[in-house]
Amino acid sequence: MSQSAESMDSAILGGAGRRRFSLDNRYIAPLFITFILVVGHLGYGILESYEKTGVAIMVAIVAELVLGRIFFGKWVNLASAYISGISCGILVRSPALWPFALASLLSIMSKYVLRVKGRHLWNPSNFGICALLFLAPETVAALSVQWGNFKWPLIVIWTLGSIIIYRAKRAHISATYVASFFAFAFLRSYITGDSWWAEVAPITGPMYQLFVFFMITDPKTTVKSKKWQCIVVFFVAFVEMLLRLNHVVHAPLYALFLVGPTAMLIEIWLESRRPVVLQESNAT
Amino acid sequence: MTGGKVAKVILIVVFVALLAAPVVFKRLAARREAANTVRDTASALARYGFYLEEVGQTSSAKFTHQVPTLDKQLDHIMPQVASMGAGVSVVDFDRDGWPDIYVTNSGEGSKNALFRNMTDGSFKDVAADLGIADVNQAGTGVSMGAIWGDYDNDGYEDLFLYKWGKPELFHNDAGQKFSRVTDKAELPEWVNANTAVWFDYDRDGRLDLFLGGYYAEDVNLWHLSTTKMMPESFEYAQNGGRKYLFRNLGDGSFEEISQKVGIETRRWALAAVAADLRGTGNTDLFIANDYGISELFFNDGKQFREVGKDTGVGFSPKSGMNASIGDILNQGRYSIYVSNISEEGVLIQGNNLWVPREGTTGDALRYDNLARAMDVEIGGWSFGAQFGDLNNDGTLDLYLVNGYISANRDLNYWYDFSKIAGGNSTIISDAAHWPAMDGRSLSGYQQKKVWLNDGAGKFVDVAQAVGASDLYDGRAVALVDLWNRGVLDVVIANQKGPLLIYKNNVTPENKWIEFELEGSASNRSAIGAEVRLFWNGRQQVQQVSGGSGFCSQNQRRLHFGLGKNPQLEKAEIRWPSGKVETIEKLSIGQTYKIKESA
């Protein structure tokens, strides 16, 4: 198993971010998401229980430790697993305990199983949560309404998140997605006849804060070029619009689930052709 | 094959197995459920000890609830706003020993009904003759529910009617007619209320009245000054109606004292129940709120204090729509059941069963939500629920109705609902921003739950097996021994649907005993009085309630199932006045009429 098995859920932990920041700065993302969790819980009680979130985090960490040791031959950095676990702990909504454990476990395992040419395809927590939404909808829902519906938490989280994502040089991804979402909201409003406010309402909610800052920016499951990152995330928003027009409740999660790996596969396929072209070029 | 490859293969197998696990478990559970579903009454009687037979639609108690037509600005979401108002309460208004049924209606100009029990299985609507039918006239608001209590201790139950509109109090004139005494009682001009409870908060022997607002009281839903009247948040809203506590002054008037005694909240109350949860003798007050956390007010005799977070019931916000209590574990303590919303794949709040934690009492009382552990968690878009021993086996069962809006079966509003519900407060609070419903259903056509208590910490849903097969949008449930047979029948008020009366048929092997209490030093309705029954080395406590569930009130008579071959030991009666009386030498199959000793 290659080095890239040690994937990160967050921009700040990998790629350019890792080179740019000192070791301590690598933990900005985990700290930020922990901040969201703590503030959200103390202010609004977003967690149904500490137990469930704790289980999600612990399962992700233990799975990462064990699988990393087996397939990677060393104790891997746990920041990624922590983010996957805490994302599952926040985003999964279920009265039962097992979905939190299963979502975390599937998230981490997906990085080791669903791989093509040494790269994994799905954002881990996106995969884990979508899998449960598909397979156990009677027990599981995704976070949608917690955090209250008030402006100050929204402003604080979006401001801090924007600063952090900007420093990690991934702000173009989030910005492209947000701009695309608003544009498609206009289009949806035109098509459906519903109020534009109703169409933009979801992005003012809590799930999108995690989605915009943590899921779509994951360096290990986004394509490499900056331009194509923007194009891919535009397509995420586009597919989300199509799903929304078909009344799919978890449209953003499913859109990323569909578009992200597709883009990755195309990039991997294109990269696999490149050496041949080089040889021909050299021959020429 | 190398070690690495073997490990990879094992990893893939485990991964696939984990993905398949939820589906496999779901199928196994479905098989178990199918095995539990018997189809004929004889099998249901043998297996569960009872079956239900719907007789309301074929009886003379025919009634169909009508909904109001509110301000035109709400037209696009009218089914959602006009989604409540079907209430049912039980009363023996004429003291003939046979319980009668009062049902609320909500169309402008529609009539409420008082079905007098004719004792032979038939009913007669006497509401119009007695003056309590025509209470939904345009401009006065429409009924949401009703509770009965003898506020002047004259021996006849009086009627308090709460509405989205002007609340009304009717004095029962010896069962012959009702007189409107609202003005003398000095009730407020307009309250958008969905819950009210009679209880004697200060134990002065006179019933006081709690009234809980849902929409703010300055909102007239027929003449909106603004469309910004929706909740500011789906789970943290505090822009609902205020709460009232009317202290009974004993001369037919009431003093509003909610602020003075510490009940100040603007959460969106949908249900309340009052009970002595700590054994102090004072009646505490539990409020289930929509769009937020539940609230629990401990009553220190003269003052209330909110202890929801301290006790554990007031932290995780949901969509509380029911508050009912029952001693489900036969341990002499009340658990509280709160209904919420669960919709597959969209919103799984789960209902709450707040069970008092072992070893906690008094002010240190703590609750744990055991709804999941006891299998009473998922009930769809749940509304009213009541505890009662449906099969007389000695443990309290739970009847839950559900279903929000049953419209077009093929079209679903959930996507739009979830879209707006997560939005910022400026968006969600304005009805103008809500997408049009366009005839779509929202958690409609749902199967009801009849959860049978196995006495060992688990409930099993037997609704389909015992005949509770209707799919109406259920709102209120009341349990009552309608024909004095020693069984609990079930009366259900459905939104925009018929009144259902499920006649209960219980195996004669299971025995019963009932208590009908009348206060003297305590309020004459004996609301708040408790009977603690001891038999076969176990006990169960029940309380006379002045309103519980959702927009409903059970019979005042207390019904205990005893199981097979019971050996009765004693009954302890604790009156609101503080007096305790013990009755020994009890017989099974009897209704004991007990008056508080002077």
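As a starting point, this report considers the structure included with it. (Residues numbered from 1 in each chain as written. Chains lettered and ligands numbered in written order. Predicted model: local features only at pLDDT ≥ 70, side-chain atom pairs only at ≥ 80, totals over all residues. Heavy atoms only, no water.)

1. So, the overall build of chain A
Condition: In this description a helix means any DSSP run of H or I spanning at least four residues, a strand means any run of E spanning at least two, and both kinds are numbered starting from the N terminus. The buried label applies to any residue whose accessible area, calculated with a 1.4 Å probe on protein chains only, is under 20% of its type's maximum; exposed applies above 50%, and partly exposed to all values in between. In this description, contact between two residues means that some pair of their heavy atoms is separated by no more than 4.5 Å. Computed with the Shrake-Rupley method and a 1.4 Å probe, the accessible areas treat only the protein chains shown as cover for residues.
If you tally the helices and strands in chain A, you get 12 helices and 4 strands. Relative to its 284 residues, chain A shows a buried fraction of 61%. Pairs at least 24 apart in sequence give 76% of the contacts found in chain A among residues at least 6 apart. When the accessible surface of chain A is totalled, it reaches about 11200 Å², and 68% of it is carbon and sulfur.

2. Quick look at the interface of chain B and chain A
Quick note on the threshold: Two parts placed together each lose some accessible area under a 1.4 Å probe, and adding up what both lose gives the buried area. The term salt bridge refers to a pairing of a side-chain nitrogen on Lys or Arg with a carboxyl oxygen on Asp or Glu at a separation within 4 Å. In protein, a polar contact means a hydrogen-donor-capable atom and an acceptor-capable atom, both N or O and within 3.5 Å, with residues adjacent in sequence counting only if both atoms are side-chain atoms; elsewhere, any N or O pair within 3.5 Å suffices.
The interface of chain B with chain A comprises 48 residues on the first partner and 57 residues on the second. Where chain B abuts chain A, roughly 4200 Å² becomes buried across the two surfaces, and 66% of that area is made up of carbon and sulfur atoms. Considering only the surface of chain B that becomes buried against chain A, B:Phe15, B:Tyr236 and B:Tyr415 emerge as the three largest contributors, covering 18% of it. For the pair chain B and chain A, the number of links is 2 salt bridges. Taking the shortest distance from any N to any O, the salt bridge between A:Asp194 and B:Lys419 comes out at 3.6 Å. Across the chain B-chain A interface, the total number found is 5 residue pairs in polar contact (both at pLDDT 80 or more).

3. Some remarks on the pattern of salt bridges
Counted under the stated rule, the structure contains 44 salt bridges over all chains. Between B:Asp375 and B:Lys458 there is a salt bridge, and its shortest N-O distance comes to 3.9 Å. Remark: B:Lys458 occurs in the loop between β28 (449-453) and β29 (459-461) and B:Asp375 occurs in the loop between β23 (367-369) and β24 (382-388); sequence separation between them is 83 residues. Accessibility expressed as a relative area gives 38% for B:Asp375, which makes it partly exposed. Ionic pairing is found between B:Asp416 and B:Arg440, a salt bridge with its closest N-O pair at 2.6 Å. One end of the pair, B:Asp416, is in helix α8 (residues 414-421); the other, B:Arg440, is in strand β27 (residues 440-441), with 24 residues separating them in the sequence. Comparing B:Asp416 with B:Arg440 shows no difference in burial state: the two are buried. Several salt bridges share partner residues, and in doing so they unite A:Arg188, A:Asp194, A:Glu199, B:Asp416, B:Lys419 and B:Arg440 into one network.

4. A word on the sheet that holds strand β35 (residues 538-543) of chain B
Residue and element names in this part refer to chain B. The condition is simple: Pairing between strands requires that DSSP locate at least two bridges from one strand to the other. Angles here are taken between N-to-C directions and fall from 0 to 180 degrees, while the axes themselves are lines fitted to C-alpha atoms, restricted in helices to the stretch in contact.
Here we have 4 strands laid out as an open sheet, ordered β35-β34-β38-β39, and antiparallel in their pairing. Among the strands making up the open sheet, the edge pair consists of β35 and β39 (580-584). Ignoring strand direction, the axes of neighbouring strands in this sheet form an average angle of 15 degrees. Bridge count for strand β34 (residues 530-535) against β35 is 6 bridges, and the pairing is antiparallel. Bridged to leucine 533 within β35 is glutamine 540.

5. A look at the sheet that holds strand β33 (residues 511-518) of chain B
All names here are of chain B. Pairing is mixed in the open sheet, where 3 strands are placed in the order β37-β33-β40. With partners counted over all chains shown, the strands left at the sheet margins are β37 (558-563) and β40 (591-595), one partner each. Direction aside, the axes of adjacent strands within the sheet are offset by 20 degrees on average.

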